[in-house]
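Per-entry structural report
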Amino acid sequence: MRTFYIFKIKNEYTSLTKNNPYHLFKMLAYIYQLDKNDLSKGVELFNKITDSFNEKEMDIQFFKSYRENYFYTKYRNIHQLNNIYKKESSKLIIRKKFLLLQSTVVHPSFMKELENYSNLFFCDFQNKDYFWLDHLFIH
């Protein structure tokens, strides 16, 4: 199971790190691993780097896109796909400052819908994997 934290990066940090995302990943990993005593410093840095998502709008958009999909379920801000034919089990949780995507496949179906958003940076802290979504889907 892969767990991706998805962040909407502010434009100024996107332009600085677009071609070399390693430093952005290291900053986000540093914040992710912070001790509770240093949390206030991490929150300040996190807010400088990331933009917020419009939770309500995004929740409605995902629901509209997937509501007719037989394998789709939704509960509050949690969207799930359990496609037995593709052997995909994916869960997308929409939060104000990040999205959490858990999946049994490398390229979950939800990623295609996320293409509509700009400056999305994916981090899998456990596997030390990171990428810009627009670099993944080069047309």
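Check the entry above for the structure.
A few points on the structure. (Residues numbered from 1 in each chain as written. Predicted model: local features only at pLDDT ≥ 70, side-chain atom pairs only at ≥ 80, totals over all residues. Heavy atoms only, no water.)

**Concerning the packing of aromatic side chains**
Throughout the structure, instances matching the rule amount to 21 aromatic pairs. Aromatic pair F7 and F46: ring centres 5.6 Å apart, planes at 80 degrees, arrangement edge-to-face. Of this pair, F7 sits in strand 1 (residues 2-9) while F46 sits in helix 3 (residues 39-49), and the two are 39 residues apart along the sequence. Arranged with centres 5.2 Å apart and planes meeting at 75 degrees, the rings of Y66 and F110 form a pair that is edge-to-face. In this pair, Y66 sits in helix 4 (residues 55-66) while F110 sits in helix 5 (residues 110-114), placing the two residues 44 residues apart along the sequence. Residue Y66 shares its accessibility class with F110, and that shared class is buried. One aromatic cluster in this structure is built from Y5, F7, Y22, F25, Y32, F46, F98, F121, F125, Y130 and W132. (Phe/Tyr/Trp six-rings, centres within 6.5 Å; stacked < 30°, edge-to-face > 60°. Helix = DSSP H or I, 4+ residues; strand = E, 2+ residues; numbered from the N terminus. Buried < 20%, exposed > 50% of the residue type's maximum accessible area, 1.4 Å probe, protein only.)

**Side note on the environment of K96**
Summarising the element assignment, K96 is placed in the loop between strand 5 (88-94) and strand 6 (99-103). Sequence separation of K96 and D51 is 45 residues, and the distance between their C-alpha atoms is 8.9 Å. Non-local contacts of K96, meaning those with residues more than four positions away in its chain, are made with S52, F53 and E55. (Contact = heavy atoms within 4.5 Å.)

**Remarks on helix 3**
Listed in full, the buried residues belonging to helix 3 are G42, F46 and I49. Taken down its axis, helix 3 places every buried residue within 65 degrees of arc, on the same side. Within helix 3, the exposed residues directed more than 90 degrees away from the buried face are S40 and K41. Against the buried residues of helix 3 lie strand 1, helix 1 (11-17), helix 2 (22-32) and strand 2 (50-51). (Arc of directions from axis to C-beta.)

**A closer look at the nonpolar core**
Of all hydrophobic cores here, the largest spans 21 residues; its most connected members are L114 and F122. When residues of this core are traced back to their parent elements, those giving at least two are strand 1, helix 4, strand 5, strand 6, helix 5 and strand 7 (120-124). Beyond its immediate stretch of four places on either side in the chain, F122 contacts F4, Y5, I6, L101, M111, L114, D129, Y130, F131 and L133. (Core = buried A, V, L, I, M, F, W, Y, C linked by side-chain atoms within 4.5 Å.)

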